[in-house]
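Now for the letters of each chain:
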Amino acid sequence: MTSKSISLRYTDAGQGPPLVFLHGFPLNRKVWHRQIEALRSSYRVIAPDLRGLGDNEAQPGPTTMAQCAADLHTLLQQLATGRVVLIGHSMGGYVALAFVRQFPEMLRGLVLVSTKAGQDSAEAAAGRRAMAKKVEAEGVQAVVDAMAPKMLAADKQDARMIADVLGLMATSRPAGVIGALLGMAERPDSTALLVQLAVPTLVVTGADDTLIPPSESEALAGAIRNAQLKVLPHAGHLVAFEQPDEFNHVLKEWLRRADLASSDESN
Ligand code: MLT
């Protein structure tokens, strides 16, 4: 059962066509700070913390992707954005696809970053439930330890960047992390949605992503009509964080070419 949508903490910066950034797990909206700074001079950039994460309250129980999409819809109504370009990274991409399913009329464009449309295998879902139990017993550090080695490209030696990623993950609260794990485990398959997508779509991934390998992004781009695929070198799972200048350049160019850099006449 989907509980009612909640108010999210968010960043809302700049003016222009709205771009909405959805972070991955177990992160928060601060992971997008280099995108917010680079784009706010030409766009209205909105970045919420997803339910249970970042500055939001964390409630017990699973956080479904459908609930996260409903929370986002409520926020966009409050902010009177009209149609938006939605940019979702990893779990944020799962939420973006749930949003496509529930609120297709709200979309102008879609950017899927290091994510996938398929649901968890039985084994992967069981692994998430086991990790949820571990977080309950040991705290968030259990998930930080498991994920930290998979976030950046393997050859990444930048100590400051590694510390920043660890810091972003470590501030997540156990109930929110557990909720997201259980919610991801029960998310439905979104593959059938891809052929119905009728908005410009960009798919971006890091060449060295081991958490969601580039083959997943290739499959996404192959299934979506006219999708553009960009595989950025020297980047792992957190491609936009690790290679912000390159990522921002790719995003800006795509927005311009897809005619999304000026305001939506239909709003
Ligand atoms: C994420 O980065 O959001 C997660 O790793 C996604 C996942 O675990 O499937």
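Keep in mind that this is a model prediction, so the values were computed, not measured. (Residues numbered from 1 in each chain as written. Predicted model: local features only at pLDDT ≥ 70, side-chain atom pairs only at ≥ 80, totals over all residues. Heavy atoms only, no water.)

(A) How the structure looks around the pairing of strand S3 (residues 44-48). Taken across its 5 residues, S3 has 5 buried, putting it largely inside the fold. By the bridge criterion, 4 bridges tie strand S1 (residues 10-13) to S3 in an arrangement that is antiparallel. Across the sheet, residue Thr-11 finds its bridge partner in S3, namely Ala-47. Pairing of strand S2 (residues 18-22) with S3 involves 3 bridges; the strand directions are parallel. Bridging across to S3, Val-20 finds its partner in Ile-46. Traced from S2 through helix H1 (residues 33-39) to S3, the parallel crossover comes out right-handed. (Buried < 20%, exposed > 50% of the residue type's maximum accessible area, 1.4 Å probe, protein only. Helix = DSSP H or I, 4+ residues; strand = E, 2+ residues; numbered from the N terminus. Pairing = 2+ DSSP bridges. Right-handed = clockwise from strand over helix to strand, strands pointing away.)

(B) Spatial organisation of the pattern of salt bridges. The tally for this structure, following the rule as stated, stands at 13 salt bridges. When the shortest N-O distance is used, the salt bridge between Glu-37 and Arg-40 registers 3.8 Å. Relative accessible area serves as the criterion here: at 51%, Glu-37 is assigned to the exposed category. Take Arg-40: its relative accessible area is 37%, and that puts it in the partly exposed class. A salt bridge links Arg-256 to Glu-253; the shortest N-O distance between them is 2.7 Å. In this pair, Arg-256 and Glu-253 are both assigned in helix H11 (residues 244-257), 3 residues apart and thus about one turn of the helix distant. Taking the relative accessible area as the measure of exposure, Arg-256 reaches 49% and is therefore partly exposed. Judged by relative accessible area, Glu-253 falls into the partly exposed class, the value being 22%. (Salt bridge = Lys/Arg side-chain N within 4 Å of Asp/Glu carboxyl O.)

(C) Representation of the site of the ligand within the structure. In the vicinity of the ligand, the contacting residues are Gly-24, Phe-25, Ser-90, Met-91, Tyr-94, Arg-128, Met-147, Met-184, Leu-211 and His-237. Ser-90 places a polar side-chain atom, nitrogen or oxygen, 2.7 Å from an oxygen atom of the ligand. Here Arg-128 contributes a side-chain N or O atom positioned 2.8 Å from an oxygen atom of the ligand. Calculation on the ligand without its partners gives an accessible area of 270 Å², and the protein chains cover 95% of this total. Residue composition of the shell around the ligand, by class: 6 nonpolar, 3 polar and 1 charged. (Near = heavy atom within 4 Å. Polar contact = N/O pair within 3.5 Å; in protein donor to acceptor, adjacent residues only side chain to side chain. Areas by Shrake-Rupley, 256 points an atom, 1.4 Å probe, with all protein chains shown as cover. Nonpolar A, V, L, I, M, F, W, Y, C, P; charged D, E, K, R; others polar.)

Shape is all these values report; function is a separate question.
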